[in-house]
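As a plain string of letters, each chain reads:
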Amino acid sequence: MRELTYTQPQTWIAILFVIIVLILVAVFVTIGRSARRDVPFDEVKRVGYGIRTWWLAAFGTLLTIGVVASFFLLPYSGARGATGKAQQVKVKGGQYYWALSPKTVSAGRVKFFVTAVDVNHGFGIYSPKGEMLGSVQAMPGYTNKLDVQLDEPGDYLISCLELCGVAHHKMHATFKVTKR
């Protein structure tokens, strides 16, 4: 199991979430304690609709900021500005196998061209440490592309991520990444 450190984005997101929840609880408790008990409905309606507008604007702004910020945390090589020519690997998936050509690549940028011969499959790549690096659908009659940066030499695992039949759990393959 990997140890969480304060340099990981997930840790800071969790801390920020806890702080926001505590602030919201404090606001609601304060409002609840200071509220009048006998307020006419028209006044409640007027104030409520005003608050609703600001809530929507604040939520929309936070959502937009979160989506834009998450683009910088994407694990794909295109998001990190990978440069250079990508090595190409052709992948065919079938019940219950993966066929790769070639099965060995040099460390660096690799572009997978993934298709299926029978039913839909989920093509997922795992690093030698077991971390998922990327995934794409393998579909009959269509070729999807997955561009990833593979810098760590070793054996990488490919697994099917979509239920494709009774032996789906056995649909694995490996390929090797060598030093440059």
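Anything mentioned here points back to the structure above.
Let us look at the structure shown here. (Residues numbered from 1 in each chain as written. Predicted model: local features only at pLDDT ≥ 70, side-chain atom pairs only at ≥ 80, totals over all residues. Heavy atoms only, no water.)

1. Thoughts on unusual backbone geometry
Logical step 1: Here the bond from Gln95 into Tyr96 is cis, since omega is 10 degrees, no more than 30 degrees from zero.
Logical step 2: As for its position among the elements, Tyr96 is in the loop between β1 (87–94) and β2 (97–101).
Logical step 3: Note the cis peptide between Ser101 and Pro102, where omega equals 0 degrees.
Logical step 4: Looking at the element boundaries, Pro102 is found in the loop between β2 and β3 (104–106). (Helix = DSSP H or I, 4+ residues; strand = E, 2+ residues; numbered from the N terminus.)

2. Looking at the side chain of Thr115
Logical step 1: Topologically, Thr115 is positioned in strand β4 (residues 108–116).
Logical step 2: On the basis of relative accessibility, which here comes to 14%, the residue Thr115 falls in the buried class.
Logical step 3: There is a polar contact of 2.9 Å between the side chain of Thr115 and the backbone oxygen of Tyr142.
Logical step 4: With near-sequence residues (within four places) excluded, Thr115 lies in contact with Val91, Lys92, Gly93, Ala138, Met139, Gly141, Tyr142 and Thr143. (Buried < 20%, exposed > 50% of the residue type's maximum accessible area, 1.4 Å probe, protein only. Polar contact = N/O pair within 3.5 Å; in protein donor to acceptor, adjacent residues only side chain to side chain. Contact = heavy atoms within 4.5 Å.)

3. Side note on the nonpolar core
Logical step 1: Formed by 25 residues in total, the largest nonpolar core has its most connected members in Trp98, Phe112, Phe123 and Phe175.
Logical step 2: Of all the elements in the fold, those that place two or more residues in this core are β1, β2, β4, β5 (121–126), β6 (132–138), β7 (144–150), β8 (154–160) and β9 (172–178).
Logical step 3: Among the elements that make up this core, the one with the highest residue count is β4 (four residues). (Core = buried A, V, L, I, M, F, W, Y, C linked by side-chain atoms within 4.5 Å.)

4. Things to note about the pairing of β7
Consecutive side chains of a regular strand alternate in pointing toward one face of the sheet and then the other.
Logical step 1: Counting buried positions along β7 gives five out of seven residues, so the element sits mostly inside the fold.
Logical step 2: Bridging between β4 and β7 involves seven bridges; their strand directions are antiparallel. Paired with Gly108 across the two strands is Leu150, which belongs to β7. (Pairing = 2+ DSSP bridges.)

5. Focus on the sheet that holds β3
Strands belonging to one sheet form pairs held by backbone hydrogen bonds; the direction of such a pair is parallel or antiparallel.
Logical step 1: The five strands are arranged β3-β9-β8-β5-β6 in an open sheet whose pairing can be described as mixed. With one partner strand each, in any of the chains shown, β3 and β6 form the two edges of the open sheet. Averaged over all pairs of adjacent strands, the angle between their axes in this sheet comes to 25 degrees, without regard to strand direction.
Logical step 2: Taken together, the four bridges between β5 and β8 define a ladder with antiparallel strand orientation. When the bridges of β8 are listed, Tyr126 appears paired with Leu157. (Axes fitted to C-alpha atoms, helices over the stretch in contact; angles between N-to-C directions.)

6. Focus: a nonpolar patch on the surface
Logical step 1: Residues Leu16, Ile19, Ile20, Ile23, Leu24, Val27, Phe28, Ile31, Val47, Ile51 and Trp55 make up a contiguous nonpolar surface patch of about 1000 Å² in total accessible area.
Logical step 2: Breaking the nonpolar patch down by element, the ones donating at least two residues are α1 (9–34) and α2 (41–70).
Logical step 3: Considering every element that reaches the nonpolar patch, the biggest residue donor is α1, with eight residues. (Patch = residues over 30% accessible without salt bridge, like charges linked within 9 Å, V, L, I, M, F, W, Y side chains within 5 Å. Areas by Shrake-Rupley, 256 points an atom, 1.4 Å probe, with all protein chains shown as cover. Salt bridge = Lys/Arg side-chain N within 4 Å of Asp/Glu carboxyl O.)

7. Focus: the state of the cysteines
Logical step 1: Per the stated rule, a full pass over the model turns up zero disulfides.
Logical step 2: Considering cysteine sulfurs only, Cys160 is the nearest to Cys164, which forms no disulfide, with 3.8 Å between them. (Disulfide = S-S within 2.5 Å.)

8. Re the pattern of salt bridges
Logical step 1: Applying the stated criterion to the full structure yields two salt bridges.
Logical step 2: Here Arg109 makes a salt bridge to Asp147, at a shortest N to O gap of 2.7 Å. Here Asp147 lies in strand β7 and Arg109 lies in strand β4, a separation of 38 residues in the sequence.

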